[in-house]
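Here are the chains, one letter per residue:
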Amino acid sequence: MKYYSTNKSTVPATLCEAVVRGLAPDRGLYMPEKIKSLPKDFFERIQDLSFKEIAFEVADAFFGEDIAAEELRNIVYDTLSFDCPVVHVNGNIWSLELFHGPTLAFKDVGARFMARMLGHFIKSDKRASGRADRCVNVLVATSGDTGSAVANGFLGVDGIHVYVLYPKGKVSKIQECQFTTLGRNITAVEIDGTFDDCQALVKDAFADEELNKQMKLTSANSINVARFLPQAFYYFNAYARMKEHGLADNLVVCVPSGNFGNITAGLFAKRMGLPVKRFIAANNANDVFLEYLHTGEYTPRPSIQTIANAMDVGAPSNFARILDLYRHSHADISADICGAAYSDAQIREAMAECYHNNGYILDPHGACGWRALTENLQSGETGVFLETAHPAKFNDTVEQAIGASLTIPPRLAAFMHGKKQSVPMTNAFADFKQYLIKKVE
Ligand SMILES: *Cc1c(COP(=O)(O)O)cnc(C)c1O
């Protein structure tokens, strides 16, 4: 299957090209040229299928033309080494818990899938070229969460080395442990500078001809189709599990959104036939999408810092994909999605209320989702919100809001016990380039 760019000024790419490039050469986002509807009987028997079985059928609709069934099944099954269950919270509200993976956030699904798909392409490339020498180097700049999901997703995958660039002293202790203690094929590069400096170094590296001749570089950012599309898997699973409870009619799905990749994967699922009545995009104070729904005007602007910081995005990249999916029709977009936005005070209020009334602990992102369902659900509807991260990842904020202490899950605590290993680096590109070149020599 071919992938076209939302900017439509470049030739469509193969799956492999789209995955290796991430962003299209015209700076648009890749879109699959077909979104296949899944057959009626799939939805009739979906409640009898496991999460992995469901995910394989969804993956096959996108990637089946490019990757042999057995290999694709291995990639999907290996990616989903953890469950994404739905859990009852209160009334007609359920939580789709996406934090049971290695770094306790939903980004694990996309990162693990992309790592395995890239590993697959490297293997086939080696077979085709007869060259076993070339390692693919993934460069990723992080302000915290992306680095850990990508590093853990790629950990131990053959033929790939990951460099995580992060700003020294500007990520939380837990976040830092999640990518500096891994070793093996993961190198943490600690930049004496800001997150913007890290991003600039990665951009400069991709643009540097000499460097690209010496080593094969790729990015793993969240707009990559191999990270973005697998997020559709768990929407189908949520539907299946709600159907088991006899609650799948009139399903409303609420997605805490920042860059809008997660919700866009849900919209793809709906386009494939998943019977979701409507979606709610829940935002923090960064509310450009809500404004678009209300006015039809999209005005990106600098992000505002909030306690739901993974949603601090003022210019959501995947908005381009939503526009393309709905042929730029504001009416059609508004028919499928409604919005909500909450201040930090309202997010704290939601965490406290949900904990005291229902005994369920929300993280600040999921709290936006829960609150939006509480305020928007109509009678006869069942709501599922995506609980995008484990509350313990935001320990201080959550404990303060609910007035109780959290138990840190063992797999999160385990990161804290590892030995930190990082390469100190200035924010000058010349230094970073020299370091990379020395590594391949
Ligand atoms: C990345 C992230 C989000 C936002 O997801 P998008 O796909 O960028 O909309 C929400 N919650 C958490 C915990 C995240 O890490």
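These notes cover the structure that comes with them. (Residues numbered from 1 in each chain as written. Predicted model: local features only at pLDDT ≥ 70, side-chain atom pairs only at ≥ 80, totals over all residues. Heavy atoms only, no water.)

### As for the sheet that holds strand β10 (residues 278-283)
Okay, step 1: Strand order in the open sheet made by the 6 strands is β3-β4-β12-β9-β10-β11, with mixed pairing throughout. What marks the edges here is a single partner per strand, and that holds for β3 (86-90) and β11 (337-341). For this sheet, the mean angle separating the axes of adjacent strands, direction not counted, is 25°.
Okay, step 2: The sheet contact formed by β3 and strand β4 (residues 93-97) spans 4 bridges and is antiparallel. When the bridges of β4 are listed, H88 appears paired with W94. (Pairing = 2+ DSSP bridges. Helix = DSSP H or I, 4+ residues; strand = E, 2+ residues; numbered from the N terminus. Axes fitted to C-alpha atoms, helices over the stretch in contact; angles between N-to-C directions.)

### Some details on the environment of A352
Okay, step 1: You can see A352 is positioned in helix α16 (residues 344-358).
Okay, step 2: For A352, a relative accessible area of 18% corresponds to the buried category.
Okay, step 3: Placed 334 residues apart in sequence, A352 and A18 show a C-alpha to C-alpha distance of 43 Å.
Okay, step 4: Ignoring any residue separated from it by four or fewer positions in sequence, one finds A352 in contact with A401 and I402. (Buried < 20%, exposed > 50% of the residue type's maximum accessible area, 1.4 Å probe, protein only. Contact = heavy atoms within 4.5 Å.)

### Considering the site of the ligand
Okay, step 1: Within the structure, the ligand sits among 15 residues, and K107, G258, N259, F260 and T388 are positioned closest to it.
Okay, step 2: F260 places a polar main-chain atom, nitrogen or oxygen, 2.8 Å from an oxygen atom of the ligand.
Okay, step 3: Within the contact set of the ligand, an oxygen atom lies 2.9 Å away from a backbone nitrogen or oxygen of N262.
Okay, step 4: Across the complex, the protein chains shield 95% of the 390 Å² of accessible surface that the ligand would expose by itself.
Okay, step 5: Looking at the shell around the ligand residue by residue, the classes come out as 6 nonpolar, 7 polar and 2 charged. (Near = heavy atom within 4 Å. Polar contact = N/O pair within 3.5 Å; in protein donor to acceptor, adjacent residues only side chain to side chain. Areas by Shrake-Rupley, 256 points an atom, 1.4 Å probe, with all protein chains shown as cover. Nonpolar A, V, L, I, M, F, W, Y, C, P; charged D, E, K, R; others polar.)

### Some remarks on the side chain of S5
Okay, step 1: Among the secondary structure elements, S5 is positioned in strand β1 (residues 3-5).
Okay, step 2: S5 has contacts with T10, A24, D26, G28, L29 and Y30, leaving out every residue within four places of it along the chain.

### Here we look at the packing of aromatic side chains
Okay, step 1: The final tally for this structure, using the stated rule, is 18 aromatic pairs.
Okay, step 2: Pairing F42 with F236 gives two aromatic rings, centres 6.2 Å apart and planes at 55°, and the pair type is tilted. A residue pair is termed long-range when its members are at least 10 positions apart, and F42 in helix α2 (residues 40-45) and F236 in helix α11 (residues 233-244) qualify at 194 residues. As far as the burial class goes, F42 and F236 line up, both buried.
Okay, step 3: Summarising the aromatic geometry, the rings of F113 and F233 are spaced 5.8 Å apart at their centres and angled 80° between planes, so their arrangement reads as edge-to-face. (Phe/Tyr/Trp six-rings, centres within 6.5 Å; stacked < 30°, edge-to-face > 60°.)

### Digging into the nonpolar core
Okay, step 1: Core analysis: the largest hydrophobic core is formed by 138 residues, its most contacted members being F63, F154, Y234, Y235, F236 and F289.
Okay, step 2: Apart from the residues lying within four places of it in its own chain, the contact partners of F236 are L38, F42, F43, I46, I54, V58, A269, M272 and L274.
Okay, step 3: Membership of the second largest hydrophobic core comes to 19 residues, among which are L139, F432, Y435 and I437. (Core = buried A, V, L, I, M, F, W, Y, C linked by side-chain atoms within 4.5 Å.)

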